[in-house]
Amino acid sequence: MAESTQINSRKRFPFKLQFEPRLDTPPGWFSAALQIGAVIAALILGGIIIAVVGANPFATYAHIAGASFGSIGVLSDTLVKATPILFTALACSIAFRMKLWNIGAEGQFIMGAFGASAVVLAPLLPATTSAWIFIPVMMLAGISFGAMWGFIPGILKARFKVNEIISSLMLNYIAISWMNFWVFGVWSEGGFQMSPKFPQTAWLPRLLDFGKSVPLFRGLTTHLGLLIGILVAIILWFVIYRSKWGYEIRLIGDNPTAANYAGINISKNVVMAMMLSGALAGLGGMSEITGVIHRLQTSPVAAGYGFTGIIVAWLAKLNPIVAIIVSVLFGALLLAGREIQPSGIPKMIQGIILVCLIASDFLLRYRVRIVRVGEEA
Amino acid sequence: MDHPETQTPANIPLVVTMKGIVKRFPGVLANDHADFELRQGEIHALLGENGAGKSTLMNVLAGLYSAEAGIITVNHKEVEFHSPKDAIKAGIGMIHQHFMLVPSQTVTENILLGMDQPNFRMNINQYDQKIAELGQHFGMEVDPKAKIWQLSVGEQQRVEILKMLYRGANVLIMDEPTAVLAPQEAEVLFTTLRTMVADGKSVIFISHKLQEVMAIADRVTVLRKGKVTAAGVPTLGSTRQELARLMVGRDVVFQMEKTKQEPGEVVLQVQNVHAENDKGLPAVRGMSFEIRQGEIYGLAGVAGNGQRELSQIISGLRKCTEGKILLSGKEISNQPTQFAIENGLAYVPEDRTHVGSAPNLSMTDNVIMKNYRHEPISRGWMLDIPQAQHFAQKLKDAYNIVVPNIDTPVRLLSGGNLQRVILAREISGNPALLVAVQPTRGLDVGAIEGIHKLLLAQREAGAAILLISEELEELLSLSDRVAVIYEGRLMGEVREPDLETVGLMMTGTPLDQIAAPIATGAK
Ligand SMILES: Nc1ncnc2c1ncn2[C@@H]1O[C@H](COP(=O)(O)OP(=O)(O)OP(=O)(O)O)[C@@H](O)[C@H]1O
Ligand SMILES: [Mg+2]
């Protein structure tokens, strides 16, 4: 079977750690407990570091929590941050489910944002169009452009066996350059590196739009994109676990040879899964551009949501419903980062949590034993 | 067998004892206070039904699992293994049914892999030499410089054995080593094992083939539902029937009676088919035959003569370069796999883990692989989960599949039970044509009896069956006609086959060249 890996401590030390593969499958609660334990361990570790640099860890944590969940206002901001992550995480989870390593959610997100912007800026529809037409058309544009950006690596893989990791990664850079071309050149507003603002009818409705009738919503920027994202997550869950196509995806993901034997067309499904993945990321781009930014501009669009989505998808074990929760946590961390300091402590804690979660996954597969040096080696 | 005659059993030292081993998995008690003793220089067979806990018990001994209770001693010293590394240090090495070799590396590299000994300044030539010598000593010739992918299954197994011997194993555990071997290869393995025990090593041998066990093993221990029902019974003086009864607790029928019946209409037509193997070399070179309703067509042949490729073209997993295949009159060759499935093809592939199942998916997901496209398992684009579960539960009960529940991932099933899942799935669709490749590989005698009954029932129900097997006994007793494949061609076809004729054809003699007395003697 597997070999056990060892870390040799200094020769004089009589004990050492030994990692052994766990062959029995641990019960379900164990993995949940490990994950919670990992987060707690990460917070303690972060706390120690905060204390070492001279701050009060409790106060810092309280501040971070306050900055992301403390009031309805910041909670709303957290949700705004979580929305694009949710879309890219869903995009990644559908592709990863089939063991298609789509690293291109970033590019697909950008192309979705571009497609939605083109509706206003090209312009495909006049600025006076009603929101009822504007928003569905922009959604369609975002989905189509994202899907197209997923289709390219998909077809390359299905037809020519081109590695999708490389092709989808490359397409990210093309997408950024493409967006820059339009932002800096064609659609530039008076030479600034951004397009003109979209007309209000091309904005996704936000909670603050209802501030007149519901006073609680005043100033809250949470937009319709979140609701769409949650809806998509639920639909995706049904697609994966309850639909015929989802069954095919799970079968291909687990054993492509068996799927082929069951008469499933793998090439077709590779292309379809990549297109769906791209479409979801593209819809995320549309949601961000029409819900938050309201104009095409490089830095807030190409903010790395596609890459965060990869991490979130993994932490959620590719489960779309769990991805909602994990996205909100990541949104909180992103927000707290900006509230406390531009980068630094919150980023560090984010990193520590990640490392701890990955380590906990390791513990799920290996157990650690302390052995006397004499006994072994 | 070959141990020194002067010693009486009483004073042959015990190398391994296991006492009161308990190992539980969620929902199963795999070993229930099992005891086991291994003497020095013996070949000890471990028998038992599928899921009886043989592999589990041996995994405990090899340090892969740790038991919840029980004591293990090696050379009279109590030991506690936490990893295979600990076990090999105590001289115990296990060879699993699925080899753990790196295909792109040489024999020597594979043997040295994971060892601390040679550091990065290693001189590979010197090790090549050592390994060649070790192989010669035990009668296992392998080229140390050969890459694993170039080796046959039998040779790969030798590499696994050498790997363990090189690490100083004194006790070799082999989990169903002959399941993947052709009879000739198995003979070679037995010679090796005999050399090893003559050298003072001991072997634990898991197998379902009782004939083989009687031939090679000195003693047997039988497990049933995790408990030991017979400990260390000498094979000398016991019969296959007795061993079978010990295993399954009832009498087993080895020879099936099949009813006389007239074959119906032609179901499968194979017309001058040619195909290439994975390496692009011709594997099937012009085969033609027909199978009718209610007929079992047995295809014998030494492994690697094109039977794998033939079964793949029929089931749509491989393209044929020439000729065509008709299923109930419809051309299915070079069509999408799904086309043949929709037209009533069922296929039990040779490789149950890599082709026939999705290991991490549940039993339910695995049994609906062929019928999920239609009602009642699905409706429109949705799966009907309760119906799928109902179907899985029905198969579990009807085919006696031992599994904690239908949501269990099939990678946790014992080998024989996984095979039952696949057979249950394929047969339950009442296929027009059933292609079964080695359908009883790895099954216990009771289960084999069950599968033979199922195949005969399908025959009576009017299915056409292509049975490809290396088990000649099985093939001859079930088939209405037996054909032999050799280097991609049919050597001939007989209605009342006898071992001698079939054996001659398997080595490449066409039927019409076989001396008349034998051929007519077959009638
Ligand atoms: N890792 C595991 N997790 C859960 N259950 C397991 C695991 N390994 C084995 N089992 C269960 O334990 C029982 C004994 O399995 P084992 O593999 O030892 O059987 P076996 O005697 O080797 O059978 P076979 O002849 O079919 O190989 C089976 O019911 C099996 O499903
Ligand atoms: Mg087994």
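Cut-off values and rules
- Residues numbered from 1 in each chain as written.
- Chains lettered and ligands numbered in written order.
- Predicted model: local features only at pLDDT ≥ 70, side-chain atom pairs only at ≥ 80, totals over all residues.
- Heavy atoms only, no water.
- Axes fitted to C-alpha atoms, helices over the stretch in contact; angles between N-to-C directions.
- Helix = DSSP H or I, 4+ residues; strand = E, 2+ residues; numbered from the N terminus.
- Parallel < 35°, antiparallel > 145°, perpendicular 65-115°, else oblique.
- Contact = heavy atoms within 4.5 Å.
- Nonpolar A, V, L, I, M, F, W, Y, C, P; charged D, E, K, R; others polar.
- Salt bridge = Lys/Arg side-chain N within 4 Å of Asp/Glu carboxyl O.
- Polar contact = N/O pair within 3.5 Å; in protein donor to acceptor, adjacent residues only side chain to side chain.
- Pairing = 2+ DSSP bridges.
- Phe/Tyr/Trp six-rings, centres within 6.5 Å; stacked < 30°, edge-to-face > 60°.
- Buried < 20%, exposed > 50% of the residue type's maximum accessible area, 1.4 Å probe, protein only.
- Near = heavy atom within 4 Å.
- Domains from an automatic or database assignment.

(A) Geometry of the packing of helix α2 (residues 57-69) of chain A against helix α3 (residues 72-97) of chain A. Residue and element names in this part refer to chain A. Where α2 meets α3, the closest approach of the two axes is 5 Å, and the angle between their N-to-C directions is 75 degrees. Between α2 and α3, the angle is such that the two are roughly perpendicular. Judged by residue contacts, Gly66, Ala67, Ser68 and Phe69 of α2 engage Val74, Leu75 and Thr78 from α3. Looking at side-chain class alone, the contact of α2 with α3 contains four nonpolar, three polar and no charged residues.

(B) Fine view of the interface of chain A and chain B. Taken together, the contact between chain A and chain B spans 33 residues of the former and 45 residues of the latter. Inspection of the region where chain A meets chain B yields one salt bridge. In this structure, the salt-bridge partner of Arg250 of chain A is Asp365 of chain B, at a minimum N-O distance of 2.7 Å. For the pair chain A and chain B, the number of links is 16 residue pairs in polar contact (both at pLDDT 80 or more). By residue number, the principal contributor to the side of chain A that touches chain B is helix α8 (residues 244-254) of chain A, which donates six residues. Split by residue class, the side of chain A that touches chain B holds 13 nonpolar, nine polar and 11 charged.

(C) Main features of the sheet that holds strand β7 (residues 171-175) of chain B. Residues and elements named next belong to chain B. Ordered in space as β6-β7-β8-β3-β9-β10, the six strands form an open sheet in which the pairing is mixed. Bordering the open sheet on either side are β6 (92-95) and β10 (227-234), each of which pairs with just one other strand. Looking at each pair of strands side by side, their axes are set apart by 15 degrees on average, direction ignored. For β6 and β7, the ladder comprises four bridges, and the chain directions are parallel. From the neighbouring strand, Ile92 faces β7, where its bridge partner is Val171. Taken strand by strand, helix α1 (residues 54-61) contacts β3 (43-48), β6, β7, β8 (202-206) and β9 (219-224), and its axis lies near 150 degrees from that of β8. Along the sheet face, helix α8 (residues 240-248) touches β3, β9 and β10 and points at about 30 degrees away from the line of β9.

(D) Molecular detail of the packing of aromatic side chains. Per the stated rule, a full pass over the model turns up 18 aromatic pairs over all chains. When the centroid spacing of 5.5 Å and the interplanar angle of 55 degrees are considered together, the rings of Phe109 of chain A and Tyr305 of chain A count as tilted. Residue Phe109 of chain A is located in helix α4 (residues 105-121), and its partner Tyr305 of chain A is located in helix α12 (residues 305-315); the two are separated by 196 residues in the primary sequence. Residue class for Phe109 of chain A comes out buried when judged on its relative accessible area of 0%. The exposure class assigned to Tyr305 of chain A is buried, which follows from its relative accessible area of 5%. Ring geometry for Phe289 of chain B versus Tyr297 of chain B: centroids 4.8 Å apart, planes at 5 degrees, classification stacked.

(E) Looking closely at the site of ligand 1. All names here are of chain B. By nearness alone, 19 residues border ligand 1, and Gly51, Lys54, Ser55, Thr56 and His208 come closest of all. Between an oxygen atom of ligand 1 and a side-chain N or O atom of Asn50, the distance comes to 2.9 Å. One of the side-chain N or O atoms of Thr56 is found 2.5 Å from an oxygen atom in ligand 1. Mapped by element, the contributors of at least two residues to the shell around ligand 1 are β2 (28-39), α1 and α13 (415-428). A per-element tally of the shell around ligand 1 places α1 first, with three residues. Class assignment for the residues of the shell around ligand 1 results in seven nonpolar, nine polar and three charged. Counting contributing residues, the shell around ligand 1 receives three or more from each of domain 1 (14-98 + 170-248) and domain 3 (355-430).

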